[in-house]
Amino acid sequence: MKFLGNSLHIANSGKLIARATKTPNAGGIVFDSNNNKIGKVNYVFGPTKNPYVSIRLFKSANIKRIKKNYGEKLFVSRPKQKKSKRRGRRPRNKN
């Protein structure tokens with residue numbers, strides 16, 4: 001896990017807005033300082049050096065605790081890689 005940044009507020013859309021120190025990968029899982037899963041990186045916007053991150057919260061996330069601890073340190077892990085589909089020609093059937 002890598003340090004993502006600090007939480008700022010919850011937007012009207014219900015997404016958590018955070019200020020990041022580096023640009024994270026979209027789809028990364030976000031954790032709080034207690035290693036609880038909060039959500040996924042949904043959208044990255046703003047300046048490239050210190051971007052803002054929109055985090056789609058999981059239903060299991062405790063929103064009251066998140067609202068109470070604005071400015072909390074957040075961490076991000078890499079998203080799971082999907083298996084790539086094989087490209088190219090199919091092998092011929094040998095009869």
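Presented here is a report on the structure given in the accompanying data block.

The rules behind these values
Residues numbered from 1 in each chain as written. Predicted model: local features only at pLDDT ≥ 70, side-chain atom pairs only at ≥ 80, totals over all residues. Heavy atoms only, no water. Phe/Tyr/Trp six-rings, centres within 6.5 Å; stacked < 30°, edge-to-face > 60°. Helix = DSSP H or I, 4+ residues; strand = E, 2+ residues; numbered from the N terminus. Buried < 20%, exposed > 50% of the residue type's maximum accessible area, 1.4 Å probe, protein only. Lys NZ or Arg CZ within 6 Å of the ring centre and 35° of its normal. Pairing = 2+ DSSP bridges.

## Here we look at the packing of aromatic side chains
Geometry of an aromatic ring pair is reported as the spacing of the ring centres plus the angle between the planes. Evaluation of the coordinates by the stated rule reveals three aromatic pairs. Residues Phe3 and Phe75 carry aromatic rings whose centres are separated by 5.8 Å and whose planes lie at 70° to one another, so their mutual orientation is edge-to-face. On the criterion of sequence distance, the pair formed by Phe3 in strand E1 (residues 2-10) and Phe75 in strand E6 (residues 73-76) is long-range, its members being 72 residues apart. Under the relative-accessibility criterion, Phe3 is labelled partly exposed at 37%. Measuring from centroid to centroid gives 5.8 Å for Phe45 and Tyr52, while their planes differ by 20°, and the two rings are stacked. Judged by its relative accessible area of 26%, Tyr52 falls in the partly exposed class. Site record: aromatic cluster; members linked through ring pairs are Tyr43, Phe45 and Tyr52. The ring centre of Tyr52 lies 4.2 Å from the NZ or CZ of Arg19, which sits over that ring.

## Comments concerning the pairing of E1
Bridge analysis of E1 against E6 gives four bridges, and the strand direction is antiparallel. Along E6, the bridge assignment pairs Gly5 with Leu74. In this structure, E1 lies alongside strand E2 (residues 16-20), joined through five bridges in antiparallel fashion. Looking across to E2, one finds that Gly5 is bridged to Ala20. A loop of five residues connects E1 with E2, the two strands running antiparallel in sequence, and Gly14 in this loop sits at a positive phi of about 95°.

In short, the description is geometric, and any link to function would need to be established separately.
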